[in-house]
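Commentary on secondary and tertiary structure
Take a look at the letters that make up each chain.
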Amino acid sequence: MQDHELYRRILGIEAPWYVDSVELKLELGEIHVRLAHHDMIDWSCPECGAACKLYDHQPERQWRHLDTCQYQTILHAEPPRCECSNHGVRVVRMPWAEPSSRFTALFELLAIEWLRAASQKAVAEMLGLSWDEIHGIMERAVKRGLERRKAETVSQMGVDEKAFRKGQSYFTLVNDLMRRRVLYVAEDRKQSSLDGFWETLTPEQISSIEAVAMDMWDPYVASVREHLPEADGKIVFDKFHVAQHLGDAVDKVRRKENRTLKAAGDDRLAGTRYDWLRNPTSMEPKDRKEFAELRNSELKTARAWALKETAMSLYSYVYERPARKHFRWWHNWAVRSRLQPMIEVARMLQRRFENIITYLRHRITNAGSESINAKIQWVKYTARGFRNKQNFVHAIYFHCGGLDMAPESTK
Ligand SMILES: [Zn+2]
């Protein structure tokens, strides 16, 4: 019959399968397509591919397929079981769907493509899917993608923490700094949060890691040391995290000095907090001139600021030896500065120095994760439907993992 042949072609059904009947349920807006198969001498075992005989059929199953025109299209078939001499009785692989899915592979692919671009809510409405169905499609997509990624190497990675709700709960993120994608997400920011990451890697992948950018956060350091060979030469404390510590110290000096000055009727430092953190070259000419007067003054804050800027010039060195010399000289100056916050930050940086200087060898920072963070913001924004953290984790992998998620049979 002609319409059967038409449907077979539209649906991409291939021998031994054929379209047995097509039923249009106008009132429901549905098309039901029943598939059957010709007699086959051999089926192939889903485990080993060996030729084996038909054993029996399972009861009928249904798969949602791409709509035909505006009609929801549902495929029906009785999955055959074959008997393999090695694996026993198994359901054969249906060419249009993955084993556990109630959707055809092409439908899943469509849903995946739409979910990449639109919110879960919009896709659920457009395709007539429930939250559970949407999450199921995303979860399977992520699982396929993570499985396929096992073959790739990662030379530079960054460990970053991310607050889910401001200051309430944290996630640990591991990013691939070269390909700008998320490799791993775990709840919390403990050592155990990062420990789980190493288990997802093959030994080849672990030995391909050359450098790890991270905050000066001991639980992460402990995890990397425990799992990555020669970790001490590979850990690079993030340049912006170092700058942040120095900036905080300058601000402590400023606040204290501001109180003293104000008591004497001098408000030169009031409202200047951000001036001391900004790069003077990005200021308006008028502001820059005013700021120049401040930082050339005899104020303690100006001295603290000079200490911060000098510390950061470490990052413009090319070679390690002069950089070490610079740091020793700077540390001496800082600890004699009589500015308590600067003394404290200098001691802290000295304690961490061996993994700060590694920057000169590896030249990595977590700034590369910024584009990932922007995407995670979007995921969070469209995340109001998340009933639990696990769905949020899947959504991060889905949108930021750079994964190849297409169902096998659509490739
Ligand atoms: Zn087999």
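Residues numbered from 1 in each chain as written. Predicted model: local features only at pLDDT ≥ 70, side-chain atom pairs only at ≥ 80, totals over all residues. Heavy atoms only, no water.

**A closer look at the packing of helix α10 (residues 300-312) against helix α11 (residues 320-335)**
Relative to each other, α10 and α11 sit at 165°, their axes nearing to 10 Å. Classified by the angle between their axes, α10 and α11 sit roughly antiparallel to one another. The chirality of how α10 crosses α11 is left-handed. Only H326, W329, W330, W333 and A334 of α11 make contact with α10, whose side of the interface consists of A306, L307, T310 and A311. For the contact of α10 with α11, a count of residues per class yields 7 nonpolar, 2 polar and no charged. (Axes fitted to C-alpha atoms, helices over the stretch in contact; angles between N-to-C directions. Helix = DSSP H or I, 4+ residues; strand = E, 2+ residues; numbered from the N terminus. Parallel < 35°, antiparallel > 145°, perpendicular 65-115°, else oblique. Left-handed = near helix turned anticlockwise from the far one by under 90°. Contact = heavy atoms within 4.5 Å. Nonpolar A, V, L, I, M, F, W, Y, C, P; charged D, E, K, R; others polar.)

**Digging into the side chain of K234**
If you trace the backbone, K234 turns up in the loop between α7 (218-227) and β13 (235-237). Comment: no salt bridge for buried K234; closest opposite-charge side chain is E230, at 5.4 Å. Apart from residues lying up to four places away in sequence, K234 is in contact with I209, E210, A211, V212, L228, P229 and H362. (Buried < 20%, exposed > 50% of the residue type's maximum accessible area, 1.4 Å probe, protein only. Lys, Arg positive; Asp, Glu negative; His and termini not counted. Salt bridge = Lys/Arg side-chain N within 4 Å of Asp/Glu carboxyl O.)

**Focus on the coordination of the zinc ion**
Within the protein, the zinc ion binds to C45 (SG), C48 (SG), C84 (SG) and H87 (ND1); these donor distances fall in the range 2.1 to 2.3 Å. Bound by 4 donor atoms, the zinc ion shows angles of 108 to 112° at the metal and therefore tetrahedral coordination geometry. Donor residues for the zinc ion, ordered by position in the chain, follow C-x2-C-x35-C-x2-H. A residue pair is termed long-range when its members are at least 10 positions apart, and C45 in the loop between β3 (43-44) and β4 (51-57) and C84 in strand β7 (residues 80-84) qualify at 39 residues. Looking at C45, the relative accessible area reads 3%, which means it is buried. (Donors = N, O, S within 2.8 Å, 3.2 Å for Na, K, Ca; no water. Tetrahedral: all angles 85-135°; square planar, octahedral: opposite > 155°, others 65-115°.)

**Describing unusual backbone geometry**
In the segment running from A15 into P16, the intervening peptide bond is cis, with an omega of 10°. Tracing the chain through its elements places P16 in the loop between α1 (2-11) and β1 (17-25). Non-glycine residue E230 carries a positive phi angle of around 50°. Judged by relative accessible area, E230 falls into the exposed class, the value being 69%. Of note, the phi angle at R338 is positive, near 60°, even though the residue is not glycine.

**Focus on the sheet that holds β4**
Strand order in the open sheet formed by 4 strands is β3-β4-β7-β8, with antiparallel pairing between adjacent strands. Taken across any chain shown, the strands that pair with only one partner, and hence form the sheet edges, are β3 and β8 (88-91). By the bridge criterion, 4 bridges tie β4 to β7 in an arrangement that is antiparallel. If you follow L54 over to β7, its bridge partner there is C82. (Pairing = 2+ DSSP bridges.)

**Observations concerning the nonpolar core**
In terms of nonpolar packing, the biggest core is built from 93 residues, with M157, F197, W198, M214, W330, M342 and L349 touching the most fellow members. In this view, W198 contacts M157, I206, I209, S223, V224, H227 and L228; residues no more than four positions away in its chain are not counted. (Core = buried A, V, L, I, M, F, W, Y, C linked by side-chain atoms within 4.5 Å.)

**Comments concerning the sheet that holds strand β6 (residues 71-77)**
By definition, the strands of a sheet pair up through backbone hydrogen bonds, in either a parallel or an antiparallel sense. Spatial ordering of the open sheet is given by β1-β2-β6-β5, a layout of 4 strands whose pairing is mixed. Unpaired on one side and paired on the other, β1 and β5 (61-68) mark the two borders of the sheet. This sheet shows a mean twist of 25° between the axes of neighbouring strands, independent of strand direction. Two elements, β5 and β6, share 6 bridges in a ladder whose sense is antiparallel. Looking at the pairing, T68 lines up with Y71 of β6.

**What to know about the side chain of R352**
Relative to the elements of secondary structure, R352 occurs in the loop between α12 (340-351) and α13 (359-362). The class for R352 is buried, based on a relative accessible area of 16%. In contact with R352, not counting residues within four places along its chain, are M216, D218 and F237.

**Observations concerning the packing of aromatic side chains**
Scanning the model with the defined rule gives 14 aromatic pairs in all. Taking the centre distance of 4.9 Å and the plane angle of 80° together, the rings of W17 and W96 count as edge-to-face. Separated by 79 residues along the polypeptide, W17 in strand β1 and W96 in the loop between β8 and α2 (105-117) bring together distant segments of the chain. You can call W96 buried: its relative accessible area is 8%. Between W276 and F291 the ring centres are 5.0 Å apart and the planes differ by 70°, which places this aromatic pair in the edge-to-face class. Taken together, the positions of W276 in the loop between α8 (239-263) and α9 (285-295) and F291 in helix α9 put the pair 15 residues apart, joining distant regions of the chain. Here W276 matches F291 in class, with each residue buried. (Phe/Tyr/Trp six-rings, centres within 6.5 Å; stacked < 30°, edge-to-face > 60°.)

**Focus on the confidence of the model for the protein chain**
Averaged over every residue, the pLDDT of the protein chain is 91; residues scoring 70 or more account for 97%. Of all helices and strands in the protein chain, the one with the weakest mean pLDDT is α1 (78), whereas α12 scores best (98). (pLDDT = per-residue confidence, 0-100.)

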